[in-house]
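# Tertiary structure, described
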Amino acid sequence: MLTLTDQELFRYDRQIALHGFDIDRQQVLKNSTVLIIGLGGLGCAASLYLAASGIGKVTLIDFDTISESNLNRQILYTPKSINQYKVDIAKQKLSQINPNMIIDTINQKLVDSELMTVIKQHDIVIDCTDNLTSREQINRCCFQEKKPLVSGAAIRMEGLLTVFNYEDDQPCYHCLSQLFGQNQLTCIEAGVMAPLVGMFGSIQALESIKVLTKYGKPLVGRVLMVDGMTMEFNQVTFAKQSNCIICGNQHTTQAIKCK
Ligand SMILES: [Zn+2]
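Every value quoted in this text rests on a predicted model; they were computed, and no experiment measured them. (Residues numbered from 1 in each chain as written. Predicted model: local features only at pLDDT ≥ 70, side-chain atom pairs only at ≥ 80, totals over all residues. Heavy atoms only, no water.)

Our focus in this paragraph is the nonpolar core. Grouped together as the largest cluster of nonpolar side chains are 41 residues, with contacts concentrated most on Val34, Ile36, Leu50, Ile55, Val58, Leu60 and Tyr77. The leading source of residues in this core is helix α10 (residues 194-213), at seven residues. When residues no more than four places from it in sequence are discounted, the contact partners of Ile55 are Leu29, Ser32, Val34, Leu50, Asn98, Met101 and Leu212. Residues Ile37, Leu110, Val118 and Cys244 belong to the second largest nonpolar core, which totals 26 residues. (Core = buried A, V, L, I, M, F, W, Y, C linked by side-chain atoms within 4.5 Å. Buried < 20%, exposed > 50% of the residue type's maximum accessible area, 1.4 Å probe, protein only. Helix = DSSP H or I, 4+ residues; strand = E, 2+ residues; numbered from the N terminus. Contact = heavy atoms within 4.5 Å.)

Quick look at the structure:
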């Protein structure tokens, strides 16, 4: 296990000072690896806070390049970044924030088997993607690897956030997505307010730190729902669906198709 240098003890003093967090948990962060999938609005905010808070290694996955319409909310990028790969600019910016953090990047779409290989090498996965197909893929691969997943979504003025730990009695993302039906909008169709994705990306970073260091009570089996219009915060609990094709009781390994 890598120990904290004197400089790091100083840099992370305000976290180390937190009651019950201490040097031990800061050291866990230094030895942690986080996979961030999607470097849009959520991924920019989540990765910035994880870099600043002392995570040892992150891998960034996104196959998109930066466009003008990303700049309202994807705060790692500037007008000069347009047409460049998101992961390349993100890596540059994050290494300025934390030169000690190791940053790997992947700028292509992965099939399930490739994604599972990458997931296996990390302690936690953060889903910052913006579409149902990717979310379902990340969920089934994390379920297979039993790797904790922090899932966030923000659209219009609303956001959702939850954490999956894939313990036997706990639900998966598909248990939840079955409940909302087929009506999935994207930000292109519906729009999204800039600070809302920043809020949710920040909460994803916070929940990741909690899961990695076993600090506090992560949002497992509960969904945080925020309505930015009225600033109402609500939580609903949700349970494992026994008929879920991913984690349900009928589940067999053959039920999960690997591309
Ligand atoms: Zn499920």
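Additional details are given in the paragraphs that follow.
Counting along an α-helix, one turn takes 3.6 residues, and residues three or four places apart therefore face a common direction. If you check which residues of helix α6 (residues 112-120) are buried, you get Asp112, Leu115, Met116, Val118 and Ile119. Projected down its long axis, α6 carries its buried residues within an arc of 160°, all on one side. Check the buried side of α6 and you find it contacts β1 (33-37), β2 (57-61), β3 (102-106), β4 (124-127) and α7 (132-145). (Arc of directions from axis to C-beta.)

Direction vectors running N to C along helix α3 (residues 22-30) and α10 enclose 110°, while the axes themselves pass 9 Å from each other. As far as their axial angle goes, α10 and α3 are roughly perpendicular. In this structure, α3 contributes Arg25, Val28 and Leu29 to the contact, and α10 contributes Ile209, Leu212 and Thr213. Considering only residue class, the contact of α3 with α10 consists of four nonpolar, one polar and one charged. (Axes fitted to C-alpha atoms, helices over the stretch in contact; angles between N-to-C directions. Parallel < 35°, antiparallel > 145°, perpendicular 65-115°, else oblique. Nonpolar A, V, L, I, M, F, W, Y, C, P; charged D, E, K, R; others polar.)

Here eight strands make up an open sheet; going across it, the order is β3-β2-β1-β4-β5-β6-β7-β8 and the pairing mixed. Of all strands in the sheet, those bounded by a partner on one side alone are β3 and β8 (232-237). For this sheet, the mean inter-axis angle between neighbouring strands, taken without regard to orientation, is 15°. Contacts between α7 and the sheet are confined to β1, β4 and β5 (149-155), with β5 contributing the most and set at about 170° to the helix. (Pairing = 2+ DSSP bridges.)

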